[in-house]
Structures are given as structure tokens and as C-alpha cells.
Amino acid sequence: SLILKKGYTYYFDSTDSTTNNHPLFIGRTSSGGSYTYEYTSGVTNSRTTSVTLIFVVPSDSPSILYYNCGNHESMGGSITIL
């Protein structure tokens, strides 16, 4: 689980070869396995498997988000936004 603050910038490094089959994205639910509830506000390089995902947490972001794998359900964790 992560705790992030509104207005701050966070970098999620996905440059390791072990992430090749695990596209990283920020979501509104913890389901993963699809991009149905993908959250894109403030996000650069969503769905990445080989570069750094950058997340500038917007001032109007939900209080709970999730980091997920686009290929696998239940692979990720929660993000509490302060």
C-alpha cells in the first residue's frame, strides 16, 4: 500500500525486464486485468511495461486509487491520497 500527497509528483519505475508482461496503470478499482476503471488525470506513460510512469496527483483526485497490472487481476495495491 502507498500513501501519496496531492500536488506531488511520483515516479514508478517499470524499466526492469520483469515488468514486460505486467503493464502498470492507475485505476479507480483494484480489479486489474483490464483498463475499464483506468485513472488518467495527472498520469504520463500509463500502461507502461518499459518506461517510468509519472503521476502528478491532482488536487481533485479521489482519496483512494490503486496501482494495477493490465494483464492480471488482483495484481497491485492500494494508494491512499492525502
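Scroll up for the structure.
Residues numbered from 1 in each chain as written. Predicted model: local features only at pLDDT ≥ 70, side-chain atom pairs only at ≥ 80, totals over all residues. Heavy atoms only, no water.

Q: Account for the sheet that holds strand β4 (residues 43–44), naming residues and giving values.
A: Read from one edge to the other, the open sheet built from three strands follows the order β2-β5-β4, with strand pairing classed as antiparallel. Looking at strand neighbours, the two that pair on one side only are β2 (9–13) and β4, the edges of this open sheet. Bridging between β2 and strand β5 (residues 52–56) involves five bridges; their strand directions are antiparallel. When the sheet's bridge partners are listed, tyrosine 10 is paired in β5 with phenylalanine 55. (Pairing = 2+ DSSP bridges. Helix = DSSP H or I, 4+ residues; strand = E, 2+ residues; numbered from the N terminus.)

Q: Account for the sheet that holds strand β6 (residues 64–69), with residues named and values stated.
A: Ordered by their spatial adjacency, four strands build an open sheet running β1-β7-β6-β3, and the pairing between neighbours is mixed. Of all the strands in the sheet, just β1 (2–4) and β3 (24–27) have a single pairing partner and so form its edges. For this sheet, the mean inter-axis angle between neighbouring strands, taken without regard to orientation, is 25°. Bridging between β1 and strand β7 (residues 76–81) involves three bridges; their strand directions are parallel. (Axes fitted to C-alpha atoms, helices over the stretch in contact; angles between N-to-C directions.)

Q: I'd love a proper account of the packing of aromatic side chains, names of residues and values included.
A: Inspection of every chain in the model, using the stated rule, returns two aromatic pairs. Ring geometry for phenylalanine 25 and tyrosine 35: centres 4.9 Å apart, planes at 65°, overall edge-to-face. Of this pair, phenylalanine 25 sits in strand β3 while tyrosine 35 sits in the loop between β3 and β4, and the two are 10 residues apart along the sequence. Using a relative accessible area of 2% as the deciding quantity, one classes phenylalanine 25 as buried. Considering the side-chain rings of tyrosine 39 and phenylalanine 55, the 6.3 Å spacing of their centres and the 80° angle between planes classify their relative orientation as edge-to-face. One end of the pair, tyrosine 39, is in the loop between β3 and β4; the other, phenylalanine 55, is in strand β5, and 16 residues separate them in sequence. Phenylalanine 55 matches tyrosine 39 in its accessibility class, with the two residues each being buried. (Phe/Tyr/Trp six-rings, centres within 6.5 Å; stacked < 30°, edge-to-face > 60°. Buried < 20%, exposed > 50% of the residue type's maximum accessible area, 1.4 Å probe, protein only.)

Bear in mind that shape data such as this cannot, by itself, settle questions of function.
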